[in-house]
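# Descriptive structure summary
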Amino acid sequence: HDSKQSAYKKFTNIMKVKSTEEQNELLSKMIAAIDSQKQSEQWQKEDGKFIPMPTTYLNQARWEDEGVVANDQSLNNQQPSQHIAKTLLDKINLS
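Cut-off values and rules
- Numbering of residues starts from 1 in every chain and runs along the sequence as written.
- The predicted nature of this model means local features are confined to residues of pLDDT at least 70 and side-chain atom pairs, given and counted, to a pLDDT of 80 or more, with totals for whole chains, interfaces and linings taken over all residues.
- Only heavy atoms go into the side-chain values, all of them from the structure, while hydrogens and water stay out.
- Between 30 and 60 degrees the pair is tilted, below 30 it is stacked and above 60 it is edge-to-face, where a pair is any two Phe, Tyr or Trp rings, Trp via its six-membered ring, whose centres lie within 6.5 Å.
- The helix and strand labels rest on DSSP assignments: H or I over at least four residues marks a helix, E over at least two residues marks a strand, and numbering proceeds from the N terminus.
- For each residue, the accessible area found with a 1.4 Å probe, counting protein chains only, is set against the maximum for its type, and the residue is called buried under 20%, exposed over 50%, and partly exposed in between.
- Lysine NZ or arginine CZ positioned within 6 Å of the ring centre and within 35 degrees of the ring normal marks a charge as sitting over the ring.

### Quick word on the packing of aromatic side chains
One pair of aromatic rings is described through two measures. These are the centre distance and the angle between the planes. Scanning the entire structure with this criterion turns up two aromatic pairs. Geometrically, the ring pair formed by Trp43 and Tyr57 is edge-to-face, given 6.0 Å between the ring centres and 75 degrees between the ring planes. Residue Trp43 is located in helix α3 (residues 41-44), and its partner Tyr57 is located in helix α4 (residues 54-59); the two are separated by 14 residues in the primary sequence. Since its relative accessible area comes to 7%, Trp43 is described here as buried. Ring centres 6.2 Å apart and planes at 45 degrees place the aromatic pair Tyr57 and Trp63 in the tilted group. Pair check on accessibility: Tyr57 and Trp63 agree, each one buried. Clustering of aromatic rings is evident, with ring pairs tying together Trp43, Tyr57 and Trp63. Sitting over the face of the ring of Phe50, Lys45 holds its NZ or CZ atom 5.1 Å from the ring centroid.

Here it is as structure tokens:
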């Protein structure tokens, strides 16, 4: 539970200094990266043993890792940050 709270806090800190457009762009990039990384050998090896913890993923900006597929799809500009964070955490199966 503390892990989820730490990840949520880090995520909201990353997002709060950005405009809505920048938030949507970054979230789209994060979700595309996670979708791509979930298919990688590293994330699938040993039943996901090597998937980074959410806070680690956020602290290390792992969505920017080399070889990650970018996604230009934008999100609805009206999504509050709590919904955005939940969407991201859902993608990495934590909520």
